[in-house]
Amino acid sequence: DTEVTQTPKHLVMGMTNKKSLKCEQHMGHRAMYWYKQKAKKPPELMFVYSYEKLSINESVPSRFSPECPNSSLLNLHLHALQPEDSALYLCASSEGRGGMIQETQYFGPGTRLLVL
Amino acid sequence: GENVEQHPSTLSVQEGDSAVIKCTYSDSASNYFPWYKQELGKRPQLIIDIRSNVGEKKDQRIAVTLNKTAKHFSLHITETQPEDSAVYFCAASPPRGATNKLIFGTGTLLAVQP
């Protein structure tokens, strides 16, 4: 399996709802990423996990809560979101070999989120 | 921190023509430069990348050039086809440190007219 998969494809939620986004990869990658992408803009990094440990949080509001239960799975828990959080949420993974070599990141198809 | 500028923001070419997209970066220590293609409603897909120890890389109709002195890199697509129409993002990656970070350019919407 050479793909990153994400579920659901689309999600509509109210500002008081709690929902979760799921990302999965079976490429043996040990680094996983969450990005947010607004229309006509580049992806913006939110979180990075390396070997199931959070290594980067780009000052993301606490209403977004990431979780990495194992090396293949990455979740993003959503609570009390605002309409401006509506966006495409992309997951990515890379080998996570360590060292100084930058790695190619492979993206999932994204979850299109609408907050009402 | 690293900042990446990308030009043009939109590019329209006739089928069969060449297309060139340019990016500049600010951190001279950046040493990995991927290009992603994103079709409407789809995921970003890596089309080519280059590392700072190489000046040029080619893959069929796609090539990337890197000028480390000037801190800019360019994507060249020859013999464009309608299926090349998409948004193209360049990115730069500063030295690894603890993890692997990509700084994206603002994107170029390429339209190939049949």
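Residues numbered from 1 in each chain as written. Chains lettered and ligands numbered in written order. Predicted model: local features only at pLDDT ≥ 70, side-chain atom pairs only at ≥ 80, totals over all residues. Heavy atoms only, no water.

1. As for the overall build of chain B
Regarding its fold elements, chain B presents zero helices and 11 strands. Each helix and strand of chain B, ordered N terminal to C terminal, gives the series β-β-β-β-β-β-β-β-β-β-β. Its C-alpha atoms give chain B a radius of gyration of 14 Å, near enough to 13 Å, the size a compact globule of 114 residues would have. Over its C-alpha atoms, taken along the principal directions, chain B stretches across nearly 45 × 30 × 20 Å. Scored against the burial criterion, the 114 residues of chain B give a buried share of 45%. Looking at chain B alone, contacts between residues at least 24 apart form 54% of all its contacts between residues at least 6 apart. (Helix = DSSP H or I, 4+ residues; strand = E, 2+ residues; numbered from the N terminus. Rg over C-alpha atoms; globule rule 2.2 N^0.38 Å. Buried < 20%, exposed > 50% of the residue type's maximum accessible area, 1.4 Å probe, protein only. Contact = heavy atoms within 4.5 Å.)

2. Some remarks on the overall build of chain A
Within chain A, the secondary structure is distributed over zero helices and 11 strands. Seen in sequence order, chain A has helices and strands lined up from the N terminus as β-β-β-β-β-β-β-β-β-β-β. Its C-alpha radius of gyration of 14 Å places chain A within 12% of the 13 Å reference for a compact globule of 116 residues. The C-alpha extent of chain A, read off along each of the three principal axes, is 40 × 30 × 25 Å.

3. Notes on the state of the cysteines
Scanning the entire structure with this criterion turns up two disulfides over all chains. Disulfide partner of A:Cys23: A:Cys91, at an S-S distance of 1.9 Å. Handedness here is read from the sign of the S-S torsion; for A:Cys23 and A:Cys91, about -70°, the answer is left-handed. Separated by 68 residues along the polypeptide, A:Cys23 in strand β3 (residues 18–25) and A:Cys91 in strand β9 (residues 87–94) bring together distant segments of the chain. Between the sulfur atoms of B:Cys23 and its disulfide partner B:Cys90 the distance amounts to 2.0 Å. Residues B:Cys23 and B:Cys90 share a disulfide whose torsion about the S-S bond is about -100°; that sign makes it left-handed. In this pair, B:Cys23 is assigned in strand β3 (residues 19–25) and B:Cys90 in strand β9 (residues 86–92), connecting sequence segments 67 residues apart. (Disulfide = S-S within 2.5 Å.)

4. Examining the packing of aromatic side chains
Centre distance and the angle of the planes are the two values used to describe a pair of aromatic rings. All names here are of chain B. One pass over the full model with this rule turns up 12 aromatic pairs over all chains. Ring plane angle 55° and centroid distance 6.0 Å describe the contact between tyrosine 25 and phenylalanine 73, whose orientation is recorded as tilted. One end of the pair, tyrosine 25, is in strand β3; the other, phenylalanine 73, is in strand β8 (residues 72–77), and 48 residues separate them in sequence. Look at phenylalanine 73 and you get buried, because its relative accessible area is 0%. (Phe/Tyr/Trp six-rings, centres within 6.5 Å; stacked < 30°, edge-to-face > 60°.)

5. Considerations on the sheet that holds strand β1 (residues 4–7) of chain A
Residues and elements named next belong to chain A. Here four strands make up an open sheet; going across it, the order is β1-β3-β8-β7 and the pairing antiparallel. Two strands close off the open sheet at either side, each with one partner strand: β1 and β7 (64–70). Each adjacent strand pair in this sheet contributes to an overall mean axis angle of 20°, direction not counted. (Pairing = 2+ DSSP bridges. Axes fitted to C-alpha atoms, helices over the stretch in contact; angles between N-to-C directions.)

6. Looking at the sheet that holds strand β7 (residues 62–67) of chain B
Residues and elements named next belong to chain B. With antiparallel pairing, the five strands of this open sheet are ordered in space as β1-β3-β8-β7-β6. Either end of the sheet is taken by a strand with one partner, and the two such strands are β1 (4–7) and β6 (56–59). Averaged over all adjacent pairs, the angle separating strand axes in this sheet is 15°, with direction ignored. Pairing between β3 and β8: six bridges, direction antiparallel.

7. Remarks on the side chain of A:Lys36
Secondary-structure assignment places A:Lys36 in strand β4 (residues 31–37). Those residues in contact with A:Lys36, other than ones at most four positions away along the chain, are A:Pro42, A:Pro43, A:Glu44, A:Met46, A:Glu84, A:Asp85, A:Ala87, A:Leu88 and A:Tyr89.

8. Things to note about unusual backbone geometry
Excluding glycine, residues mostly carry a negative phi; peptide bonds, for their part, are mostly trans. Put simply, A:Thr7 and A:Pro8 share a cis peptide bond, and its omega is -10°. Here the residue pair B:His7 and B:Pro8 is connected by a cis peptide bond, since its omega of -5° sits within 30 degrees of zero. Mapped onto the elements, B:Pro8 comes out in the loop between β1 and β2 (10–14). Even without being glycine, A:Lys40 reaches a positive phi, approximately 65°. Its place among the elements puts A:Lys40 in the loop between β4 and β5 (44–50). Despite not being glycine, B:Lys71 has its phi angle at roughly 55°, a positive value. Relative to the helices and strands, B:Lys71 is located in the loop between β7 and β8.

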